[in-house]
Amino acid sequence: MSSRERRAPLDSFEILVRQSLREHADGRLPDPEVRAELLAKAERQERRMAQGPSLSLADLFGERPSRFAYSASPNHFICLEALFGPRTSWFSFNQLTR
Amino acid sequence: MAGIVTKSSLNDDARLILKLQSGDLEALGLLYDRHRLPVFRTALAITHDQDAAQDILQECFLRLHTYVHRVDTSLPLSPWLYRITVNLSYTWVTRRNKWRAPLEDFVDQLIGPAKYNPEPEAERRDEMRLMQRAIDGLPFSQRVVIVLYYLNDLSLQEIAVILGVPVGTVKSRLHYGRENLRRQMEGTAQSAEVQYEFT
């Protein structure tokens with residue numbers, strides 16, 4: 001992928017740019033804890049992925065909700081109406097929820 | 001990771017990615033060991049912040065873990081990692097600039113331009129420090145190209161692949177980035193000389 005061989009030689013200004021960047025970055029290493037933390041986080045992520053999405057979100061991912069999963073009941077819509085009903089007419093609210 | 005991607009390194013990466021796809025977390029550790037330095041150095045050069053660079057490094061490999069099933073093993077991994085690094089650095093820089101820029105302007109006013117130092121070695125060090133500041137002051141799109149080209153030694157084609165832009169765009173960003181740096185350095189040198197004359 002690289003075509004560095006075809007690069008034109010750097011002028012003195014470009015050499016200064018390169019040296020400045022290298023001076024700042026060379027010899028600096030990430031802390032060893034970064035690796036350990038990464039692996040711990042990845043392990044947690046792996047466990048979460050194995051469990052699947054939380055039950056209440058199952059519908060969002062197009063999965064069949066289990067018997068114990070949360071599902072919207074008719075009461076739910078009454079609550080929504082209490083929240084948004086006064087701001088909209090009954091007709092438009094009805095359109096929204098159907 | 002920087003520069004030429006050899007066939008054996010491509011095979012090694014592919015082997016490790018396949019292992020990671022099958023849930024072997026040790027493979028993630030080995031991929032981290034292989035690629036951490038260029039990712040860290042790139043993030044450090046763009047952000048100028050050790051802690052931010054470490055966060056970006058960790059997040060980059062966490063994303064590799066999350067999206068490993070989407071990684072094409074027939075392609076080299078390094079451009080993918082560079083792209084994530086650049087994106088994460090962009091997020092960090094834009095968030096920081098919201099509150100940092102006014103504070104820095106104020107500090108600049110208090111400190112004033114760098115003093116002229118007649119010692120050649122010290123002068124060189126001053127020059128490099130000013131250059132680092134000038135790079136830090138470049139627009140993000142130009143700064144990234146300057147870092148990938150001069151620090152990571154990548155070709156224009158490689159940078160174009162990483163950034164997902166045409167080679168011509170990379171060329172022009174590199175050109176304008178260099179011109180901006182030249183202008184900033186000349187401006188700083190002039191103001192330093194003026195200050196020296198009056199002191």
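> Give me the lowdown on the overall build of chain B, citing residues and values where you can.
A tally of helices and strands in chain B yields eight helices and zero strands. Ordered by position from the N terminus, the helices and strands of chain B form the series α-α-α-α-α-α-α-α. The buried share among the 199 residues of chain B stands at 35%. Pairs at least 24 residues apart make up 71% of the contacts formed inside chain B by residues separated by at least 6 positions.

> So what's going on with the interface of chain B and chain A? Residues and values would help.
On the side of chain A, 29 residues touch chain B, which itself brings 37 residues to the contact. Of all the secondary structure elements, the ones that give two or more residues to the side of chain B that touches chain A are α2 (25-47), α3 (50-66), α5 (120-136), α6 (140-151), α7 (156-163) and α8 (167-198) of chain B. For the side of chain B that touches chain A, the element with the most residues is α2 of chain B, which contributes nine residues. Across the side of chain B that touches chain A, the residue classes tally to 20 nonpolar, 11 polar and six charged.

> Describe in detail the environment of R34 of chain B, supporting the description with residues and values.
With respect to the helices and strands, the residue R34 of chain B is situated in helix α2. By the C-beta count within 10 Å, which is 16 here, R34 of chain B ends up partly exposed.

Analysis parameters
The numbers attached to residues start from 1 for each chain and follow its sequence in the written order. Here every chain gets a letter starting at A, and every ligand a number starting at 1, in the order they are written. The predicted nature of this model means local features are confined to residues of pLDDT at least 70 and side-chain atom pairs, given and counted, to a pLDDT of 80 or more, with totals for whole chains, interfaces and linings taken over all residues. Each helix corresponds to a stretch of at least 4 residues labelled H or I by DSSP, and each strand to a stretch of at least 2 residues labelled E; elements are numbered beginning at the N terminus. Around each residue's C-beta, the other C-beta atoms within 10 Å are counted; 20 or more make the residue buried, 12 or fewer make it exposed, and counts in between make it partly exposed. All C-beta atoms are placed from the backbone. Here, residues touch in the contact sense if the C-beta positions derived from the backbone fall within 7 Å of one another. Note on residue categories: nonpolar means Ala, Val, Leu, Ile, Met, Phe, Trp, Tyr, Cys or Pro, charged means Asp, Glu, Lys or Arg, and polar means any other residue, Gly included.

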